[in-house]
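# Structure assessment
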Amino acid sequence: MDPEQLTELFRQYGDDVFRLAYSYLGVRADAEDVCQSVFLRLAEGKNVLLPGKEKSWLLTCAANLCRSQLRSFWRRNVGELDESLPFPDGPDRALWDTVMALPPKYRAVVHLYYWEGYDQGEIGDILHISRTAVQTRMARARAILKKELNDDED
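This structure is a prediction, so every number in the text was calculated from the model and none was measured. The residue count restarts for each chain, going from 1 along the sequence in the order it is written. Only residues with pLDDT of 70 or above have their local features reported here, since the model is predicted, and side-chain atom pairs are shown and tallied only from 80 upward, although totals for entire chains, interfaces and linings are computed over all residues. Water and hydrogen atoms play no part in the side-chain values, which are based on all heavy atoms of the structure.

## Side note on the packing of helix 1 (residues 3-25) against helix 6 (residues 104-115)
- One can describe the packing of helix 1 onto helix 6 by two numbers: an axis separation of 7 Å at closest approach and a directional angle of 150°. In terms of their interaxial angle, helix 1 and helix 6 are classed as roughly antiparallel. By crossing handedness, the relation of helix 1 to helix 6 is classed as right-handed. On helix 6, the residues that touch Asp16, Arg19, Leu20, Ser23, Tyr24 and Leu25 of helix 1 are Pro104, Arg107, Ala108, His111 and Leu112.
- Throughout this entry, Asp, Glu, Lys and Arg are counted as charged residues, while Ala, Val, Leu, Ile, Met, Phe, Trp, Tyr, Cys and Pro are counted as nonpolar. The remaining residues, Gly among them, count as polar. Along the lines of polarity and charge, the residues of the contact of helix 1 with helix 6 split into six nonpolar, two polar and three charged. Angles shown run from 0 to 180 degrees and are taken between the N-to-C directions of axes, each axis being a line fitted to C-alpha atoms and, for helices, limited to the stretch in contact. A run of H or I in DSSP becomes a helix once it reaches four residues, and a run of E becomes a strand once it reaches two; helices and strands are each numbered from the N terminus. Reported orientations rely on four angle classes, namely roughly parallel under 35 degrees, roughly antiparallel over 145, roughly perpendicular from 65 to 115, and oblique for the rest. In this scheme the crossing of two helices becomes right-handed for a clockwise turn of the near helix relative to the far one and left-handed for an anticlockwise turn of less than a right angle. Contact criterion: two residues are considered in contact whenever any of their non-hydrogen atoms come within 4.5 Å of each other.

## Notes on the side chain of Thr60
- Locating Thr60 in the fold gives a position in helix 3 (residues 54-71).
- Throughout, exposure labels follow a simple rule: accessible area from a 1.4 Å probe, protein chains only, divided by the maximum for the residue type, with under 20% read as buried, over 50% as exposed, and the rest as partly exposed. With a relative accessible area of 14%, Thr60 lands in the buried category.
- When near neighbours in sequence (up to four residues on either side) are disregarded, Thr60 contacts Asp125, Ile126 and His128.

## With respect to the packing of aromatic side chains
- Ring pairs shown here join Phe, Tyr and Trp side chains whose ring centres sit within 6.5 Å, with only the six-membered ring taken for Trp; geometry is labelled stacked below 30 degrees between planes, edge-to-face above 60, and tilted in between. All chains considered together, the criterion is met by three aromatic pairs.
- Pairing Phe10 with Phe39 gives two aromatic rings, centres 5.0 Å apart and planes at 80°, and the pair type is edge-to-face. With a gap of 29 residues between them, Phe10 in helix 1 and Phe39 in helix 2 (residues 28-43) connect regions that are remote in the sequence.
- Overall, the relative accessible area of 46% leaves Phe10 in the partly exposed class.
- What makes Phe39 buried here is its relative accessible area of 7%.
- Judged by centre distance (6.0 Å) and plane angle (20°), the rings of Phe18 and Tyr22 are stacked. Residue Phe18 and its partner Tyr22 are both found in helix 1; the two are separated by four residues, about one turn of the helix. As far as the burial class goes, Phe18 and Tyr22 line up, both buried.
- Consider the ring centre and the ring normal. A charge sits over the ring if Lys NZ or Arg CZ is within 6 Å of that centre and within 35 degrees of that normal. Over the ring of Tyr113 we find Arg142; its NZ or CZ atom is 5.7 Å from the centre of that ring.

## Concerning the nonpolar core
- Membership of the largest hydrophobic core comes to 36 residues, with the highest contact counts inside it found for Val17, Tyr24, Val34, Val38, Phe39, Leu112 and Leu127.
- For this core, the secondary structure elements donating two or more residues are helix 1, helix 2, helix 3, helix 5 (91-100), helix 6, helix 7 (120-127) and helix 8 (131-153).
- Looking at this core element by element, the count peaks at 10 residues for helix 1.
- Note on terminology: a nonpolar core comprises buried Ala, Val, Leu, Ile, Met, Phe, Trp, Tyr and Cys residues joined through side-chain atoms within 4.5 Å. Ranked by size, the runner-up nonpolar core spans six residues in total, among them Tyr106, Val110, Ala141 and Leu145.

Quick look at the structure:
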């Protein structure tokens, strides 16, 4: 892939790839590493992107790398740094904190559905799970969010 095309894809989709990685991993530095790895894989030229499917390929690659990282020895056996994103206080802050507290598999479907605008079939394709699994994860994530947000109000 020529450098100009790669640069343009990064400008268009770099933030989307980063946000998905961050929603999976919850650590900014790890999300940045995954984002960089996705675009490095693309720069290697071993993959051919179909026109109109660039974003889907990038997000699928990011999701795969995140899952690999979550399964890694170091991720399971090393403590995480306390990291907070600058986010304005207010009603949206509680929602953001609650979403980020979800398990990674639930955070990913919530992020792809609500922030990226993918439908359940597309989410299934990106995450390599069935549509039914996406629906189940969405239902469980919503139940957790509803319970946590209602508990905060009490």
